[in-house]
Structure formats: structure tokens, C-alpha cells
Amino acid sequence: MTEAYDVITVGGGLAGAALAKRLAENGMRVLVLEREVAFRDRVRGEQMHCWGVAEARTLGLYELLLEACGHEVRYWSDQLVGFSEFGRRDLVKTSPHRAGSLNFYHPDMQAVVIGAAASAGATVRRGARVVELISNGLPGVRVHEDGNGERVYRARLVVGADGRNSVCRRWGGFHVERDSEGMVIAGLLMEGLAAPEDRMSASVNPRRSMISLTVPLGAGRFRAYVSIHKDAIESTAAPLSGEANFPTFLTASITSGAPSKWYEAARAAGPLASYDARDTWVSHPHRAGLVLIGDAAASNDPSWGCGLSLTLRDVRVLADKLIASDDWSGAADDYAEEHDRHYGVIHRLTGWARALFYHPSLVAAAVRESALTRLVADRTRSLDIVGIGPDFPCDETTRRRFFGED
Ligand SMILES: Cc1cc2nc3c(=O)[nH]c(=O)nc-3n(C[C@H](O)[C@H](O)[C@H](O)COP(=O)(O)OP(=O)(O)OC[C@H]3O[C@@H](n4cnc5c(N)ncnc54)[C@H](O)[C@@H]3O)c2cc1C
């Protein structure tokens, strides 16, 4: 039996569920297909930048998240090991949207947003794994549903929101690009950590090509991440994943510059997992009845914490275009163009920042010594990835000032 909808989302993570909520609120028939019956800790993003918070407000998600599972912090504290001690930025005062950083346990966030999609009128099927895209006639998907066998659903538009390992983009014939160099990121949920709960804490250690980021989630829980430039990892180094490597993760956090006393009573409260953090993306994420959003369209190096915010930017732009026009092919093309622009800015800014802060080559180290000294003395040289994100200028003047070439 075939059922027809306006929109089908493949995936009910932040991207698919937030889009479904927005479109269903505007009277569209939306089907969300999510393979997981219950969300689990996959070690994903749990800290949303100020510009993502602004998107969450526009999409009506901010209050829902804050009330159900959010922990908003006003301050961002960072140190550049070897260049500056911990300094504190008031995000609310200094970001254009007057927003802090919104943090949450990712599986809780997913449950809230998919619940909101259902409350808005979207049909949500869990335990529903999409196994094929159908492109003859009205676009459609073939799905294996737990306890329900195989079904086919069709819609005016299929939205691939199936994450960083998206198969929709392969089925759609998109060419996937990947940066040639980059970082490896590891993450772990922790309890008993003696880190501050009212701020984000970032410790950047350029001479070790590493960063440690500590995200307070409230009630004594923290998500901790460590990223290391791939070219700085010795071939004999223990992997930063698996329960047995918890001590290695703690050592890496401390080597990055996080105070060792924070970890004296720390214990793991979830899986330790690590990922190749290099960006992957497709250009123009729309073709013939299929649109990609969120990580399926572009996955920015998670070390910069932009993925959740970029996802909500995608959702807002695509939803607005679909709501405003009956020509959905044109609307999806407009979204794809705008996506290339906003992701392109983040990709460029984070690429510069990675080169300056983390690249382990001798040439990079020589540039870094003078550039970082100038940057610490004049913070207007920094790139505001946290506060402004894709609306920050990324022209040649900005680049030259950042690298101290002016
Ligand atoms: C280690 C790490 C740390 C990160 N830290 C941050 C951070 O601090 N801040 C930040 O902003 N971002 C961070 N990110 C990025 C952030 O997690 C992602 O950008 C965000 O989760 C993308 O949401 P999504 O909905 O596109 O994808 P996902 O969250 O991956 O959701 C995809 C959904 O699709 C479902 N699915 C997949 N295939 C199918 C199928 N065939 N059929 C049905 N359902 C399917 C999956 O079960 C999943 O629920 C991090 C990422 C990683 C890996």
C-alpha cells in the first residue's frame, strides 16, 4: 500500500524533526521516518552557539528545549596555552542575538524535538529504516518497519536528514567532498568533574595541536570533547575510544590544558567514541525531488561546535522557502544556493582557525607564534564563530588580520 505526503524526512534527528515541526505547523502533511525506537548516546553535539540559539527561537524550539532538557550558560571561558590564561566572554552581552550557549544531552534533545513534530501534527514512525529511494513517478521511499514489514511512502519532496553517514546522498547520486586534512574528535559524558557549571570551558593548546572543550549539561553532568590534529597523532598512540581508553582521554584533556584537578573524581557516564572530524559536504544539496539538510548536506568539523546551529539554519531556510512558494523545485534550489553560502562561510572560517591553531607543520608553527601574539593583544582579529557564525565576514581583509599579515 502506498501513502502520499507533502514531505517525508528520512531521519528524525534534529534536522528531520525540526523541519517536520515547522512544516506541520504550517498545514503540511509530513511523515518522519526514524530508525531508532529509543534515542541513545551516539556521542554527538550538545552545545549550541549563540547564532544557533537565535535559530531555535525562530523555530519555536528554544523554550521547549530550555524547559525540558536545556542548560543555558552565559559565559565562554577560554585559554590559549602558551599565549593567554583563561579569559571569560559574556556571550549575552557580546553576541548580536543576546544569547548564551544552549547545552543539552543529545538524546534528550532528540526526544523533545521529535515529540514537538508529532504534537504539531506530523506523522512520526519509529523503528522505520529507509532502505531505498524511489525516483520513478512521485518521489518515494521504501521502508522496513519494526513489526510492520516493508512499506512504500510517497511525497512531493523527500528530505534526506539521515546524518553524517547519510545514504540518501549516495542514493541521490550526489558527489560527496571531504577535506584532505583535519582533526580527530573524541567525546565522553562525565560525572564528578570539578569544572565550572556556569560557562563553557575551552582550552586550546596550539603547540600540541589539541583542544579540550568542557560542556556543562546541568545537574553535575558534563560532555567533554578532545580534538587533535590528525597529523600530530603518533602511529603508536592509543585510540581515544572504548571504555579501556578512559585514562588516555583524561590525559589528553589535561595535555590540552584543562586543569588536572578537575578530573580527580571524574567518572565516565557513557560511551567514549572518536571520529574523523574532517568536513564532508555536497554542493547544491537538491536534485529531482530530494533535498539534503543537516549533517547529510554538510558535516563541519565538530571541534568548532557549529553542527547543531548549521542544522537549524538549514531547517529555517528550507522551511521558509517551501512555505512561501508553490514551486517547490525552485524553492529547493533557492535553499541549496543559500546552504552553499552559509556552510561555505563556516567551512572557510573554521579552516583558517584550524590552520592557525592546530596545524603541526614547522611553517604553521612559525606563522602561529607572531599571529597569535597579535591576536591575543587585539581580540578584534578573532573570528566570531561562536557569536555570529555564518554572518561573520570571511573576506581577504578578515583572513589577513587573523593571520597577522596586515
Ligand atoms: C563527536 C561530535 C561532537 C559534536 N559536537 C557538537 C557540538 O558541540 N555542537 C554542535 O553544534 N554540533 C556538534 N556536533 C554535530 C551535531 O551532532 C550534528 O551536526 C547534528 O547532530 C546533526 O543533526 P542531524 O539531524 O543532521 O543528524 P543526526 O543527529 O545524525 O540524525 C540523523 C537521524 O537519522 C536517523 N537515520 C539515519 N539513517 C536512517 C535511515 N536509513 N532510516 C531512518 N532513519 C535514519 C538516525 O537514527 C538519526 O536519528 C558534534 C558531532 C560529533 C560527531
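Use the structure listed above.
Structural notes, computed from the coordinates.

### Observations concerning the overall build of the protein
Scanning the protein for helices and strands turns up eleven helices and 22 strands. Compactness check: the protein gives a C-alpha radius of gyration of 21 Å against a globular reference of 22 Å for 406 residues, within 12% of the reference. With respect to the three principal axes, the spread of C-alpha positions in the protein is 65 × 45 × 45 Å. Counting the 406 residues in the protein, one finds 57% classified as buried. Across the protein, the fraction of contacts at a sequence separation of at least 24, relative to all contacts at a separation of at least 6, is 73%. As displayed, the protein offers around 16100 Å² of accessible surface, 50% of which is attributable to carbon and sulfur atoms. Counting 47 positive and 51 negative side-chain charges, the protein places the averaged centre of each group 2 Å from the other.

### Thoughts on the nonpolar core
What tends to happen in soluble globular proteins is that the nonpolar side chains get buried as a cluster. Counting 110 residues, the largest nonpolar core has L33, L65, V141, I293, F357 and F402 as the members making the most contacts within it. Judged by nonpolar contacts, the second largest core, of 20 residues, contains M210, A224, V226 and A266.

### Considerations on the side chain of S212
In this fold, S212 is placed in strand β15 (residues 210-218). Given a relative accessible area of 2%, S212 falls into the buried group. Setting aside chain neighbours within four positions, we find S212 in contact with S201, A202, S203, Y225, V226, S253, S256, A258 and Y263.

### A word on the environment of M190
Within the secondary structure layout, M190 lies in strand β13 (residues 183-191). Exposure remark for M190: the relative accessible area of 0% places this residue in the buried category. Along the backbone, M190 and G220 are 30 residues apart, and their C-alpha atoms lie at a distance of 8.6 Å. Once you skip the residues sitting within four places of it in the chain, M190 turns out to touch G220, R221, F222, A224, F246, F249, L250, Y263, A266, R267 and A269.

### Notes on the sheet that holds strand β3 (residues 47-48)
The strand order β3-β7-β4 describes an open sheet built from three strands, whose pairing is antiparallel. Edge positions in the open sheet fall to β3 and β4 (71-73), since each of these has one partner strand only. Strand direction decides the pairing type here: β4 and strand β7 (residues 101-103), joined by three bridges, are antiparallel. What sits directly across from E72, in β7, is L102.

Each value, and the rule that gives it
Residues numbered from 1 in each chain as written. Predicted model: local features only at pLDDT ≥ 70, side-chain atom pairs only at ≥ 80, totals over all residues. Heavy atoms only, no water. Helix = DSSP H or I, 4+ residues; strand = E, 2+ residues; numbered from the N terminus. Rg over C-alpha atoms; globule rule 2.2 N^0.38 Å. Buried < 20%, exposed > 50% of the residue type's maximum accessible area, 1.4 Å probe, protein only. Contact = heavy atoms within 4.5 Å. Areas by Shrake-Rupley, 256 points an atom, 1.4 Å probe, with all protein chains shown as cover. Lys, Arg positive; Asp, Glu negative; His and termini not counted. Charge placed at Lys NZ, Arg CZ, Asp CG, Glu CD. Core = buried A, V, L, I, M, F, W, Y, C linked by side-chain atoms within 4.5 Å. Pairing = 2+ DSSP bridges.

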